[in-house]
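Commentary on secondary and tertiary structure
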Amino acid sequence: MSYAKLVSALARANSTNVNKMLVSPGRYRSTVASAKSQEERSQLEGCAVVEAEPVELISHTEAPPKARRSHVKVDFDNTQEAYKSKGNIELLRSLLVFRLCAIDVLVEKNKELMELTKKLFGQRIFEKMMKMTFYGQFVAGEDHNAIKPLIRKNRAFGVGAVLDYSVEEDLTQEEAEKKEMDSCVSEAERESPDADQREKKYKAHRQFGDRRGGVISARTYFYADEAKCDTQMETFLNCIKASGGASADGFSAIKMTALGRPQFLLQFSEVLVKWRRFFNFLAAQQGKSEMMLLEQKLELDELKESLAKMGLGAKDDIGNWFSGEKLGLSGAIDLLDWNSLINNTTKISNLLMVPNLKTGQLEPLLKTFTAEEESQMKRMLQRVDILANHAVEHGVRLMVDAEQTYFQPAISRLTLEMQRKFNREKPIIFNTYQCYLKEAYDNVTMDIELSRREGWYFGAKLVRGAYMYQERDRAKEIGYEDPINPDYEATNRMYHKCLEYVLEEIDNSRKANVMVASHNEDTVKFTLEKMNEMGLSPTENKVYFGQLLGMCDQISFPLGQAGFPVYKYVPYGPVNEVIPYLSRRAQENRGFMKGSQRERSLLWRELKRRLLSGQFSALWLTAALLRSTVS
């Protein structure tokens with residue numbers, strides 16, 4: 001059944017028959033999970049995701065026999081190994097920067113202080129001071145050539161790179177809000193703002209137009225015009241090229257909001273969510289709303305009868321919609337089959353059709369789309385395709401960063417389409433899953449199941465998340481359900497639950513890959529423990545680790561020297577143009593360093609070891625002064 005056929009049929013629906021379609025989100029669970037004890041289940045009660053029942057893993061690829069080998073152990077307390085790549089000056093710089101990041105007034109006023117320093121000392125001295133401190137700690141260099149020495153040095157110690165060009169516009173809040181509203185509101189909405197039935201979550205709201213608010217660890221792009229998107233695509237292409245030239249196994253990161261007008265992401269996200277709810281409504285009609293997510297299978301005969309009662313056509317005609325495309329061959333339609341119906345991209349706006357519960361018809365999310373808006377949607381998809389092809393050409397893996405939940409359904413769907421196309425022989429495209437979200441586990445399990453059915457390589461980056469404060473404030477003020485897990489402990493459980501599921505998939509099929517992007521030492525140890533239990537060797541290059549440049553070297557470098565594939569996110573760009581990035585790094589480190597003294601204590605321990613071993617003596621006084629500030 002093609003989406004276009006369904007659009008046409010539902011548009012002819014009798015409005016009186018569909019008025020009863022009160023769609024509820026339902027309860028999403030996966031058919032696949034590892035067995036857990038009752039005690040473990042009780043520990044997950046604080047998490048808003050329902051625990052999956054243990055059933056046998058489904059896999060179409062037979063796993064190779066596990067080789068007997070000794071467990072790999074990594075010592076994160078051995079400072080000599082952890083900081084082997086660091087010179088004495090670099091150790092002192094790290095201690096200084098981390099100490100400064102723990103001083104509230106310096107962090108809160110960091111941008112003003114940097115501007116004042118620039119005025120007092122001039123641009124040249126300011127840049128030297130920044131390279132001796134914050135810029136030197138968190139940024140690799142100004143351009144592709146300048147970053148090569150650091151990349152080569154890290155590579156020699158087993159640490160790879162995920163290149164990330166970190167230049168941002170330095171907009172005022174008012175400028176950011178105006179750009180956001182201009183780019184997220186269509187002409188149809190401007191002309192008749194009350195005519196459509198758009199959900200509040202997926203509409204732009206001026207009070208949250210500055211998407212930088214409450215975000216400290218992710219770059220933010222604001223749409224200006226199509227030429228700016230082309231420029232940003234060229235920047236990503238250069239990153240991919242540089243990653244390919246730096247190593248044979250590099251990564252490059254991209255953001256969808258940099259590649260097109262975000263209006264499309266908002267609209268497509270809303271459509272995807274509403275179509276999933278429509279499926280839930282049909283499942284509830286068949287008494288299956290309480291089943292686990294992928295066990296909710298719509299019986300085809302009952303489905304045809306239900307749709308016929310809604311006035312969508314004769315029962316036999318409806319049956320023809322589900323012929324072909326391997327749909328309904330088993331006599332049932334599940335959510336993955338249902339999602340595959342949205343596949344007609346000839347005219348992009350055809351994707352943006354939703355059931356109108358008042359009129360009983362399927363109609364455009366917006367009444368009209370201008371030719372330019374249609375063109376903007378297509379160009380966004382074309383840029384994504386160009387980047388993916390470029391990554392394949394240069395042997396680079398492409399990571400699509402996660403963004404706000406009102407963009408994320410569309411971002412994930414577009415990333416999934418890239419995976420289906422480019423991950424046939426090996427993992428090229430990686431999607432990002434934010435584990436502070438209540439739906440993270442459902443999303444991971446759904447996408448893995450689709451990769452099994454279609455036989456492509458699943459690639460994931462797991463993060464805790466970057467938009468918590470902003471997302472919570474927006475949900476509360478605008479009036480929709482908070483998408484974030486209730487507390488940090490619930491997020492940790494979610495992270496480990498998703499991670500364990502992906503590791504089990506790797507163990508069973510060797511066709512999944514995951515990057516554990518975390519600064520949490522307990523999470524890294526959990527991963528190593530599970531890998532040892534499953535016999536997953538680091539040399540198989542199925543499980544990667546990732547941390548930010550300038551942070552958690554005591555995790556990254558011991559992993560790299562033990563043979564694990566580990567990567568640093570490597571930002572670069574001119575000093576003046578990465579000030580917004582550095583400002584956020586300072587803010588992030590304030591919380592990070594206040595919450596844990598471990599990194600500073602390890603740095604000081606290594607500095608003291610070098611002092612006592614006579615590796616350098618001229619810096620005794622400096623070290624003593626530093627010791628007094630970090631204690």
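Described below are features of the structure shown in this document. All values derive from a computational prediction rather than experimental measurement.

Moving on: the overall build of the chain. The number of helices and strands found in the chain is 26 helices and 12 strands. Of all 631 residues assigned to the chain, the portion counted as buried reaches 57%. Sequence separation of 24 or more characterises 79% of the internal contacts of the chain that already satisfy a separation of 6 or more. Surface exposure of the chain reaches about 26,300 Å², of which carbon and sulfur atoms provide 52%.

Attention now moves to helix H20 (residues 468-478). An α-helical turn contains 3.6 residues, so a residue and the one three or four places further along point in the same direction. If you check which residues of H20 are buried, you get Gln470, Glu471, Arg474, Ala475 and Ile478. In an axial view of H20, the angular spread of the buried residues amounts to 125 degrees, which keeps them on one side of the axis. In H20, the exposed positions angled more than 90 degrees off the buried face are occupied by Tyr469, Lys476 and Glu477. Gly479 lies just past H20 and shows a positive phi near 100 degrees.

We now examine the packing of aromatic side chains. Using the criterion set out here, one finds 14 aromatic pairs in the structure. Note on Phe251 and Phe430: the rings are 5.4 Å apart at their centroids and 80 degrees apart in plane angle, and the pair reads as edge-to-face. In this pair, Phe251 is assigned in strand S2 (residues 251-254) and Phe430 in strand S8 (residues 429-434), connecting sequence segments 179 residues apart. Judged on exposure class, the residue Phe251 and its partner Phe430 are both buried. Ring centres 5.6 Å apart and planes at 70 degrees place the aromatic pair Trp275 and Phe278 in the edge-to-face group. With Trp275 and Phe278 both in helix H13 (residues 262-285), this residue pair falls three residues apart, about one helical turn. The burial state of Trp275 is the same as that of Phe278; both residues are buried. Following the ring pairs from residue to residue traces out a cluster consisting of Phe251, Phe430, Tyr544 and Tyr567. Directly above the ring of Tyr406 sits Arg474, whose terminal nitrogen or CZ lies 3.8 Å from the centroid. Over the ring of Tyr457 we find Lys511; its NZ or CZ atom is 4.8 Å from the centre of that ring.

Okay, helix H21 (residues 488-509) next. With 22 residues, H21 ought to run about 32 Å at 1.5 Å a step, and its terminal C-alpha atoms sit 32 Å apart, in line with that. Counting buried positions along H21 gives 18 out of 22 residues, so the element sits mostly inside the fold. Two or three places before Glu489, at the opening of H21, Asp487 has a side-chain oxygen 3.3 Å from that residue's backbone nitrogen. Downstream of H21 by one or two residues, Arg510 has phi in the positive range, about 60 degrees.

A word on the side chain of Glu226. Mapped onto the elements, Glu226 comes out in helix H12 (residues 226-246). One polar contact links Glu226 to Tyr223, side chain to side chain, over a distance of 2.5 Å. Engagement of the side chain of Glu226 in a polar contact is seen with the side chain of Arg379, the distance being 2.9 Å. Among residues more than four places away in sequence, those in contact with Glu226 are Arg261, Glu372, Gln376, Arg379 and Arg383.

Strand order in the closed barrel formed by eight strands is S1-S2-S7-S8-S9-S10-S11-S12, with parallel pairing between adjacent strands. Sheet twist, expressed as the average angle between the axes of neighbouring strands with direction ignored, equals 30 degrees. Here four bridges tie S2 to strand S7 (residues 397-400), and the two strands are oriented parallel to one another. In the sheet register, Ala253 faces S7, and the bridge partner there is Met399. Strands strand S1 (159-165), strand S11 (543-548) and strand S12 (566-572) of the sheet are contacted by helix H23 (residues 553-561), whose axis makes an angle of about 130 degrees with S12.

Nonpolar side chains tend to gather and get buried jointly when the protein is soluble and globular. The biggest cluster of nonpolar side chains holds 59 residues, and the ones touching the most others in it are Phe545 and Leu559. The element contributing the most residues to this core is H21, with eight residues. In this structure, Met130, Val162, Met399 and Ile579 belong to the second largest nonpolar core, which totals 40 residues.

Moving on, we get to the packing of H21 against helix H22 (residues 521-534). Their axes nearest at 11 Å, the elements H21 and H22 cross at an angle of 25 degrees. If you check the angle between H21 and H22, you find them roughly parallel. In this structure, H21 meets H22 at a crossing whose hand is right-handed. Residue-level inspection shows Tyr495, His496, Leu499, Glu500, Leu503, Glu504 and Asp507 of H21 in contact with H22, the latter providing Thr523, Phe526, Thr527, Lys530 and Met534. For the contact of H21 with H22, the class distribution of residues is five nonpolar, three polar and four charged.

With respect to the helices, strands and loops of the structure, Gln419 is situated in helix H18 (residues 408-422). Accessibility expressed as a relative area gives 0% for Gln419, which makes it buried. When residues no more than four places from it in sequence are discounted, the contact partners of Gln419 are Ile429, Phe430, Asn431, Trp456 and Gly459.

Looking now at the pattern of salt bridges. Taken as a whole and assessed by the stated rule, the structure comprises 36 salt bridges. Between Asp77 and Arg598 there is a salt bridge, with its nearest N and O atoms 2.7 Å apart. Residue Asp77 is located in the loop between helix H3 (38-43) and helix H4 (79-82), and its partner Arg598 is located in helix H25 (residues 598-612); the two are separated by 521 residues in the primary sequence. Lys461 is the salt-bridge partner of Asp401, the closest N and O atoms lying 3.0 Å from each other. Placement of Asp401 in the loop between S7 and H18 and of Lys461 in strand S9 (residues 458-463) is noted, with a sequence separation of 60 residues between them. This pair shows no difference in class: Asp401 is buried, exactly as Lys461 is. When salt bridges that share partners are traced, they join Asp77, Glu521, Lys525 and Arg598 into one network.

Judged by how many residues are buried, strand S10 (residues 512-517) sits mostly within the fold: six of six residues are covered. With burial as the criterion, each face of S10 is covered, one bearing Ala512, Val514 and Val516 and the other bearing Asn513, Met515 and Ala517. In this structure, S9 lies alongside S10, joined through five bridges in parallel fashion. Looking across to S10, one finds that Lys461 is bridged to Met515. Direction of pairing for S10 relative to S11: parallel, over a ladder of four bridges. Opposite Val514, over in S11, you have Val543 as the bridge partner.

Calculation rules
Residues numbered from 1 in each chain as written. Predicted model: local features only at pLDDT ≥ 70, side-chain atom pairs only at ≥ 80, totals over all residues. Heavy atoms only, no water. Helix = DSSP H or I, 4+ residues; strand = E, 2+ residues; numbered from the N terminus. Buried < 20%, exposed > 50% of the residue type's maximum accessible area, 1.4 Å probe, protein only. Contact = heavy atoms within 4.5 Å. Areas by Shrake-Rupley, 256 points an atom, 1.4 Å probe, with all protein chains shown as cover. Arc of directions from axis to C-beta. Phe/Tyr/Trp six-rings, centres within 6.5 Å; stacked < 30°, edge-to-face > 60°. Lys NZ or Arg CZ within 6 Å of the ring centre and 35° of its normal. Expected span 1.5 Å × (residues − 1). Polar contact = N/O pair within 3.5 Å; in protein donor to acceptor, adjacent residues only side chain to side chain. Pairing = 2+ DSSP bridges. Axes fitted to C-alpha atoms, helices over the stretch in contact; angles between N-to-C directions. Core = buried A, V, L, I, M, F, W, Y, C linked by side-chain atoms within 4.5 Å. Parallel < 35°, antiparallel > 145°, perpendicular 65-115°, else oblique. Left-handed = near helix turned anticlockwise from the far one by under 90°. Nonpolar A, V, L, I, M, F, W, Y, C, P; charged D, E, K, R; others polar. Salt bridge = Lys/Arg side-chain N within 4 Å of Asp/Glu carboxyl O.

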